[in-house]
Amino acid sequence: MRGRWSSLAAAALLVAGSLLVPAGPALAAPAFKVPFPCGQSWSGQTRSDHSPAYAVDFNRTDDLGDPVVASAPGTVDRVTDLGGTSYGKYVRIDHGGGYTTYYAHLNGFNVSVGQSVGYGRVIGWVGSTGGSTGPHLHYEQRLNGNDIQVRFNGTLALYWGTKTYTSDNNCAGTATGTVNTAGADLTVRSGPGTGYAPVGSVADGAKVTIYCQTSGTTVTGTYGTSSIWDRIGTGRYISDAYVYTGYDGYIPNVPRC
């Protein structure tokens, strides 16, 4: 009887001459990151009349020519220039398991078809090619050719509206600095310059974690004159002229914002 049931079970898997194999579990999505260098903050917009609907348009001030990086490891399978229509200059990366990402309206390319890329690899630069009406990055995540709602680090992007996203893509490391103002609290700004709004302060002698550094307003402080600003949190910057880091200038292995 046992053999008979085994034969019946095997026969049940045969339909129209084909062996039915139970489907395996779906492959997990890659850990997609924001498609810009570590520490950078970008405004990402979604809208229901976008084409395709789940794409994200990224902008920030003076972003023409800013680097665009791979949001996950994969293989570049398309580097295409559609001229003055549609995506214009765009790159597609195949991440395996049916997942791909698109980077459109680029100003130029920095990769070629067949090239393997990892997190943070510069693939091109923000532009306004194709059907774009101004510089921005049009970004998509797709599964088996269909656009899907974008996720970064597994967290769903905002649908619908505009949200600021801060990249942790290929963050090489952080550093610790010590604030030295000879007594006064140091003002924390919303951006890298004295013209940005104050958003708090840190005490003299406080230790801070520096996530990335960028250039901004030139300030004369405890450690001379410097245009370097340290990002110590999302939307929180302090002048490096008041921070002891052990380096005269940019800190090695700490990314640029």
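Data block above holds the structure.
Described in the following lines is the structure provided in the data block.

1. Observations regarding the packing of aromatic side chains
Taken as a whole, this structure holds 16 aromatic pairs when the rule is applied. Where Tyr90 meets Tyr102, the ring centres are 6.0 Å apart and the plane angle is 10 degrees; that geometry is what we call stacked. Taken as a pair, Tyr90 in strand 7 (residues 89-96) and Tyr102 in strand 8 (residues 99-104) lie far apart in primary sequence, 12 residues in all. As far as the burial class goes, Tyr90 and Tyr102 line up, both buried. Each ring, one from Phe152 and one from Tyr165, has its centre 5.6 Å from the other, and the planes form 70 degrees; the classification is edge-to-face. One end of the pair, Phe152, is in strand 14 (residues 151-152); the other, Tyr165, is in strand 16 (residues 161-166), and 13 residues separate them in sequence. Residues Phe152 and Tyr165 agree in their burial class; the two are buried.

2. Describing the side chain of Thr129
The residue Thr129 is located in the loop between strand 11 (122-126) and strand 12 (137-143) in this model. Assessed through its relative accessible area of 18%, Thr129 is described here as buried.

3. Focus on the environment of Leu82
As for its position among the elements, Leu82 is in the loop between strand 6 (74-81) and strand 7. Residue Leu82 is classed as partly exposed on the basis of its relative accessible area, which comes to 36%. Separated by 47 residues in the primary sequence, Leu82 and Thr129 place their C-alpha atoms 8.7 Å from one another. Sequence-distant contacts of Leu82, defined by excluding residues within four places in its chain, comprise Tyr87, Gly88 and Tyr90.

4. Considerations on unusual backbone geometry
Here the residue pair Ser51 and Pro52 is connected by a cis peptide bond, since its omega of -5 degrees sits within 30 degrees of zero. In this structure, Pro52 sits in the loop between strand 3 (41-46) and strand 4 (56-59). Cis geometry is adopted by the peptide bond preceding Trp160, which originates at Tyr159 and carries an omega value of 5 degrees. By secondary structure assignment, the location of Trp160 is in the loop between strand 15 (155-156) and strand 16. Here the phi dihedral of Asn144 falls at roughly 55 degrees; this positive angle occurs in a residue that is not glycine. Inspection of the secondary structure puts Asn144 in the loop between strand 12 and strand 13 (146-148). Owing to a relative accessible area of 60%, Asn144 belongs among the exposed residues under this scheme. The phi dihedral of Asn153 is positive, around 55 degrees, even though this residue is not glycine.

Parameters at a glance
- Every chain's residues receive numbers from 1 upward, in the order its sequence appears when written.
- Only residues with pLDDT of at least 70 get local features here, since the model is predicted, and only at 80 or more are side-chain atom pairs given and counted; chain-wide, interface and lining totals rely on the full set of residues.
- Processing note: side-chain calculations cover all non-hydrogen atoms of the structure and skip hydrogens and water entirely.
- Paired rings are identified among Phe, Tyr and Trp, the last through its six-membered ring, by centres lying within 6.5 Å, and are further divided according to the angle between planes into stacked (under 30 degrees), edge-to-face (over 60) and tilted (the rest).
- Helical segments are the DSSP runs of H or I of at least four residues, strand segments are the runs of E of at least two, and each set is numbered from the N terminus.
- Only protein chains enter the accessibility calculation, which uses a 1.4 Å probe. A residue is then buried if its area is under 20% of the maximum for its type, exposed if over 50%, and partly exposed in between.
- In this description, contact between two residues means that some pair of their heavy atoms is separated by no more than 4.5 Å.

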